[in-house]
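Geometric and topological summary
Listed below are the residues making up each chain.
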Amino acid sequence: MNWNLSIKNLKGIGDKTAKLFNKLGVYTIGDMLLYFPRDYKCYPKAVSLAECVEEFKSTNKKEASVAIRIRIVSPPVIKSTAKMPIVVLNVPYNGGRLEAIWFRTTYIRSILKPSFTYVLYGKATFKNNNIHISQPEIYKDKEYISISSKPVPIYSLTKSLSQKTLAKAVRSALSVADFANDYMPPDILKRNNLYDYQRAISGMHFPQNEEDAKKSLERLAFDEFFLFCLGTARINENSFKESNSYIIKWGSYADKIINNLPFELTDDQKKVIDEIFFDLSSEHVMQRLLEGDVSSGKTMVALLAMVSASQEGYQSVIMAPTEVLARQHYRTFSSIISENNLDIPLVCLTGSMKKKEKEEAYKIIAEKENAIIIGTHALIQEGVNYNNLALVITDEQHRFGVNQRKTLSDKASSAHVLVMSATPIPRTLAIMLYSGMSISQIKHLPSKRLPIKNALVGEQYLNKAYDFIKKRIKNGEQAYLICPMVEENDQNNLPSVTSMKTELDKYYNNEIKTAILHGKMKSDEKNKIMAAFEKNEISLLISTTVVEVGVNVPNATVMMVLSADRFGLAQLHQLRGRIGRGEEQGYCIFVNLSDSDEAAKRLEVLNTCNDGFEIAAYDLKLRGPGNFFGIRQSGDMGFKIADIYRDSKQLKMAKTEADRLLSEDRDLEGHTMLKEYFEKYYTDFIESANI
């Protein structure tokens, strides 16, 4: 059956259910097959109460995720509290008892029947020989045996759509989909010991075991990297060292700014400036990537290049991924240019500006040959006509697709290109990802910046952490609280932005001004929240990872990350880069809600190290390509499956195979299926691959 057919061709999916899937972006059978689980749950072997107690005692743990097989003696009881009804089940055993509690689910009393055996799965605590477990999942014995034998997929859902319904639909799609032809050349599969496409797709959804899941992921990650390498080769195939039409040299404008700075540039900044200006004044056009750790001073380097372009009579532009960051750059640049009495036109262009404001910005851009231009995606829209544009800079470049950056640089003839990234990528991987570009790195922070003080804590320390945040806020400082979810989700029990605001408003008795921020909010709303936070009208910002992109609030000194075990190390490092940007000491509290020893070991790296590149290298070594059941941390680079840290082996293999294939068959004429697949998906893929 054709992958392009509507999902309504699948058994059990009518108009109503199809609309629910549409909300997830699933319209066709192909969409269904490529809607992969966001995680997998590996259920432990069920043990008796006695065995569970012995496990707690032998490991000296106070809490752990457990599966306990129990035989019910007395039925559970319903107790009424001031807030809600709760169901309580007590099961005695020699020397103690098990207490299980469910909230707002009185129907559970009719499910659990005396003299029957069940398995309760959830996070349990052990104290005084007693086991307490809240909101455990309930299974019949045979049912639990079946799910504990293999990893269970967990999908992202929308309201009214269950895991069971989604899994059933995927099974139906797998049963009718046509996998007759695998577009990947068989010799590549054989040489790299990769699954065929059908086996990989099936294994991603319903792996037989961890090894099956790992091998399935390896194939699909390889495919993404392979297509990306083919795509970037296409972009670069006609490239050559263009002659430099815009000679930009270090001048008096840059000297003036340097001499008036209240601090001295770091050695890394000075080295990078030398590399950039060598390119800008050389015979050829600059194509350079600037990697800099969070708070390392990349923006100052960019400004020095831009004022130098202006002094030569040329325009320069810097494109930021968010309006908040663009306006922040505008204020920073405007202040420095004004303080140094530099004769440079400065203009900001964003999507939310009113029509009249945009027209005024268009006019400046079209008429002022030496303007410094700052903006968002609005910079590449129709109506923007540059005049003598010589330097194009993209900030936080992994937020933009290849085509978006290309569209901006195409608006200028032979402009110099500088892309900046705060994502620490080991140099060996960066060379593969950014083929055709020179690479500069700023590794060290300014000496005046105090190292962040880190703390790795468990759930039992939450109240102490809340009290610490309150203390800093009462001292006039501000704080972030980072959550992995926007809203509560029954499938994973992870802390959400909305639930934490409710909880903290109650905990602080509404004495602290809080607000929420997440990616689902409209741009105007996000801008208003961030503007209020910058003005200290909001003391505690409860947010998802949207704040990791370049937000600069020097008064923010504390960050607490809930479920830190759910994030990649590089992402966590970028997040904590939002604090400690002023003169006060910065504090980052990582809350580990996992009982995994591996998660604790991984997070301990952040507790002892503040160097982003060192952290990235360690994560690469620690996790490696074989660690499938770990969080993806480079999803914001556009890859749907692949992670450059976890799947570094596949990246290297894909680069080698892409180079080999193109050297033998540049136009893919001898690989019809691959060429057809590549041509069909090339545009969308390269647009989303934000490398």
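Scope of this entry: the structure provided in the associated data block. (Residues numbered from 1 in each chain as written. Predicted model: local features only at pLDDT ≥ 70, side-chain atom pairs only at ≥ 80, totals over all residues. Heavy atoms only, no water.)

Attention now moves to the overall build of the protein. Scanning the protein for helices and strands turns up 24 helices and 23 strands. Computed over its C-alpha atoms, the radius of gyration of the protein comes to 28 Å, within 12% of the 26 Å expected for a compact globule of 691 residues. On the principal axes, the C-alpha backbone points of the protein span a range of 85 × 70 × 45 Å. When the 691 residues of the protein are sorted by exposure, 54% land in the buried category. If you take every contact in the protein between residues at least 6 apart in sequence, the share linking residues at least 24 apart comes to 73%. In the structure as shown, the protein presents an accessible area of about 31,700 Å², 48% of it carried by carbon and sulfur atoms. (Helix = DSSP H or I, 4+ residues; strand = E, 2+ residues; numbered from the N terminus. Rg over C-alpha atoms; globule rule 2.2 N^0.38 Å. Buried < 20%, exposed > 50% of the residue type's maximum accessible area, 1.4 Å probe, protein only. Contact = heavy atoms within 4.5 Å. Areas by Shrake-Rupley, 256 points an atom, 1.4 Å probe, with all protein chains shown as cover.)

The next point concerns the sheet that holds strand β20 (residues 514-517). Strands sit in the order β18-β23-β22-β19-β21-β20 across an open sheet of six strands; the sheet is parallel. Two strands close off the open sheet at either side, each with one partner strand: β18 (453-457) and β20. In this sheet, adjacent strand axes meet at a mean angle of 15° when their direction is disregarded. Pairing geometry for strand β19 (residues 478-482) and strand β22 (residues 556-561), over five bridges, is parallel. Within the sheet, the bridge partner assigned to L481 lies in β22 and is M560. (Pairing = 2+ DSSP bridges. Axes fitted to C-alpha atoms, helices over the stretch in contact; angles between N-to-C directions.)

One can describe the packing of helix α17 (residues 462-474) onto helix α18 (residues 497-507) by two numbers: an axis separation of 12 Å at closest approach and a directional angle of 70°. Relative to α18, the element α17 lies roughly perpendicular. Here α17 contributes N463, Y466 and D467 to the contact with α18, which in turn contributes M500, E503, L504 and Y507. Here the contact of α17 with α18 is composed, by residue class, of four nonpolar, one polar and two charged. (Parallel < 35°, antiparallel > 145°, perpendicular 65-115°, else oblique. Nonpolar A, V, L, I, M, F, W, Y, C, P; charged D, E, K, R; others polar.)

This part covers the pattern of salt bridges. Tallied over the entire structure, the rule returns 23 salt bridges. Two residues, K215 and E218, come together in a salt bridge whose shortest N-O distance is 3.8 Å. One end of the pair, K215, and the other, E218, are both in helix α9 (residues 210-236), three residues apart, so they sit about a helical turn from each other. As far as the burial class goes, K215 and E218 line up, both buried. (Salt bridge = Lys/Arg side-chain N within 4 Å of Asp/Glu carboxyl O.)

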